[in-house]
Amino acid sequence: MSLQLANIFLPLLFLLCLRIGAAENTAAVFVVNQTPPSIRAMEGSEFTIECTFTTSNNSTKWFAEWNKIRNNVTAKVNKVTDQIILLADAEKRSLSLTVKKANITDSGTYVCGVGSKDGTSPGNGTQVTIDEITDLMVNQTPTSISDLEGSHLTMNCTFKTVSNHSTMYVRWYNYWTEGLKKELVNESEVITTLHLANGFASLTLKNTNSSNTGTYMCEVGITARNLSGNGTGTLVTIEKLPKLMVNQTPANIQEPEGSDLTMECRFMELKNHETLYVKWYKHNGTGATKKELMSERGRGSASLALEKGFASFTLKNVSVTDTGTYVCEVGSTARNWSASGAGTQVTITPVDLLVNQTPAVMNGSEGDKLTIECRFKVVKDSSTTSSVKWYKTGADGHKEELKNRTGIVTTALDSSKGLASLTFIKINRNDSGLYRCDFGKNGSGNGTRVTIHAHDQKLSIYIVLGAVAGTLLFFLVLGILLRRCRQCSKEPLQSRSEAEMNQLEMSSPPPADEVTYVDLNFHKRDAKAEEEVVYTEVKIRPKQRDGNDIYAKVKPHQH
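A. Region of the structure containing the packing of aromatic side chains. Evaluated as defined, the whole model comprises seven aromatic pairs. Aromatic pair F424 and Y435: ring centres 5.1 Å apart, planes at 75°, arrangement edge-to-face. Of this pair, F424 sits in strand β37 (residues 419-424) while Y435 sits in strand β38 (residues 433-438), placing them eleven residues apart in sequence. Y435 shares its class with F424; the two are buried. Plain terms: the ring middles of F474 and F475 are 5.5 Å apart, the flat faces sit at 70° to each other, and that makes the pair edge-to-face. With a relative accessible area of 53%, F474 lands in the exposed category. Through a chain of ring-to-ring contacts, the aromatic side chains of F30, F53 and W62 assemble into a single cluster. For K181, the ring lying beneath its charged end belongs to Y173, and the centroid distance is 3.9 Å.

B. Seen up close, the state of the cysteines. The final tally for this structure, using the stated rule, is four disulfides. Disulfide pairing is shown between C157 and C218; the S-S distance is 1.6 Å. Because the torsion about its S-S bond is -75°, the bridge between C157 and C218 counts as left-handed. Here the residue C157 occupies a position in strand β13 (residues 153-158), and C218 occupies one in strand β18 (residues 214-222), the gap between them amounting to 61 residues. Each member of the pair, C157 as well as C218, is classed as buried. With cysteine numbering restricted to those in disulfides and following the sequence, the protein has the pairing 1-2, 3-4, 5-6, 7-8.

C. Seen up close, the pattern of salt bridges. Counted by the stated rule, this structure contains nine salt bridges. Residue K76 pairs with E65 through a salt bridge whose shortest N-O separation is 3.8 Å. A residue pair is termed long-range when its members are at least 10 positions apart, and K76 in strand β5 (residues 73-76) and E65 in strand β4 (residues 63-70) qualify at eleven residues. The exposed category is assigned to K76, whose relative accessible area is 58%. E65 gets classed as partly exposed once you look at its relative accessible area, which sits at 24%. Between R225 and E132 there is a salt bridge, and its shortest N-O distance comes to 3.7 Å. You can see R225 sitting in the loop between β18 and β19 (227-230) and its partner E132 sitting in the loop between β10 (126-131) and β11 (139-141), a full 93 residues away along the chain.

D. Spatial organisation of the side chain of K282. As for its position among the elements, K282 is in strand β24 (residues 276-283). For K282, which is buried and forms no salt bridge, the nearest opposite charge comes from D322, at a distance of 4.8 Å. Polar side-chain contacts of K282 include one of 2.8 Å to the backbone oxygen of T321. With residues near it in sequence (within four places) discarded, K282 still touches T289, K290, K291, L293, T321, D322, T323, G324, T325 and Y326.

E. Structural view of the pairing of strand β14 (residues 168-175). When you tally the buried positions in β14, you get six out of eight residues, the bulk of the element. Sheet analysis places β14 next to β18, joined by eight bridges and oriented antiparallel. Opposite R171, over in β18, you have E219 as the bridge partner. With four bridges joining them, β14 and strand β15 (residues 181-184) adopt antiparallel strand pairing. Bridge pairing in β15 links Y175 to K181.

F. Geometry of a nonpolar patch on the surface. On the surface, a nonpolar cluster with roughly 480 Å² of combined accessible area is contributed by L473, L476, V477, I480 and L481. Its location among the elements puts L481 in helix α2 (residues 457-488).

Conventions used here
Residues numbered from 1 in each chain as written. Predicted model: local features only at pLDDT ≥ 70, side-chain atom pairs only at ≥ 80, totals over all residues. Heavy atoms only, no water. Phe/Tyr/Trp six-rings, centres within 6.5 Å; stacked < 30°, edge-to-face > 60°. Helix = DSSP H or I, 4+ residues; strand = E, 2+ residues; numbered from the N terminus. Buried < 20%, exposed > 50% of the residue type's maximum accessible area, 1.4 Å probe, protein only. Lys NZ or Arg CZ within 6 Å of the ring centre and 35° of its normal. Disulfide = S-S within 2.5 Å. Salt bridge = Lys/Arg side-chain N within 4 Å of Asp/Glu carboxyl O. Lys, Arg positive; Asp, Glu negative; His and termini not counted. Polar contact = N/O pair within 3.5 Å; in protein donor to acceptor, adjacent residues only side chain to side chain. Contact = heavy atoms within 4.5 Å. Pairing = 2+ DSSP bridges. Patch = residues over 30% accessible without salt bridge, like charges linked within 9 Å, V, L, I, M, F, W, Y side chains within 5 Å. Areas by Shrake-Rupley, 256 points an atom, 1.4 Å probe, with all protein chains shown as cover.

Here is the structure:
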């Protein structure tokens, strides 16, 4: 019976042991290593604790936690403020706890724990001791400063800080040479800065003067603990500025209109050049009020390099009105202190345009169109020749300026070609006179004497009649020529009888001293247009004399 029971329960017991062993093999095992074992730091310091671990089951999900034990009370450490930083790295299997700006309440034992749902494995723990600050360790820099009036000075203080900033303060004091102590507060010339979280404070003095000489000290304290500390102090020495020397160059400038010119001023270099200013003035003459110059309309351009003790002023495209004395003034806005240069005498001469007016004399008749020209030198700056005026001086000596009048007088100006002109569209006798182009200070023409004559009406009539007579004569001559041409185109004259010709040859000529008269009578009969030629036959009857005269009758024959 016992053997049978053994045979039954032994296999069951074996199976149970196998199950128990399998369960033990699946449970994860964590081995935690925590460092450092202890930390001792001053209040306001920062400390970090680290933990690393290993596990027998890499696939097990794990978690970490931090606990703090103080006065036998265990409390979880949570990241509730920026003072505590908790980090974890799954790949490196590490975690850390950092406490910033620790105070005495942060003392205790910190323990990290790593585990899974089956349990947690703790670290060895770190004993942290935070000592209360007994010395704020105030460090003030620099120990001394020496500079000139108008400078800016800054002093710094560093110190130990605590987490409860509301109980801390920083004050600055000035210990005068007489031993008096005065607390400094923020104002226009005194600026204080404070960064309690970083344990830093500063004091800046602006636009210093000799009264700022003394020892400056910072005081840092904690009101809740009746704790304070002072810096070693900063000795400040402010020296008066030496006499400011301003050197202005050049002393004289003489240039023609349209030029660009520059004046310079050099003066003492100062560290605190922000308080300096430079002004330029123009004096138009002796005893005249000065006028401050501004950089406007492209006429003036100021350049400043205060840190190098240099200033300049440039006049562009100058004109005669820019003549005068220019002075630079250097001063400080922080005090009633300034100096001026010796000045630069600027003389601007007009540009001679070399005006040539043509013609010198001009005659015309009423109704004519006349043009007078003035040629001048083409210059780079066209503003010099931007305007020209024309004047007329009459016989009575009266001078008047001429203006454009539509359809009567026109003026033109082309500065690029150096040409100005005055044109009369229809001139009359009243326009006689002396005309002159005027470019103001840049020159004028020599003048053109214009004389206008009235028209002679009788002469005009004769000219018209002569033209008409000439035209008629021309047509008459033309008609005769045409008739002769047509006559030549007709058949030749009918030949005379040979008997008549012989009779004429045989007749004796009259004596040389006798006069022979021929009476020619022409009778034109109606004929057709193509037979308008009249033929005349002359026959001399011999022995018909009347005293010493010989008569012959001519009978016209129409063919």
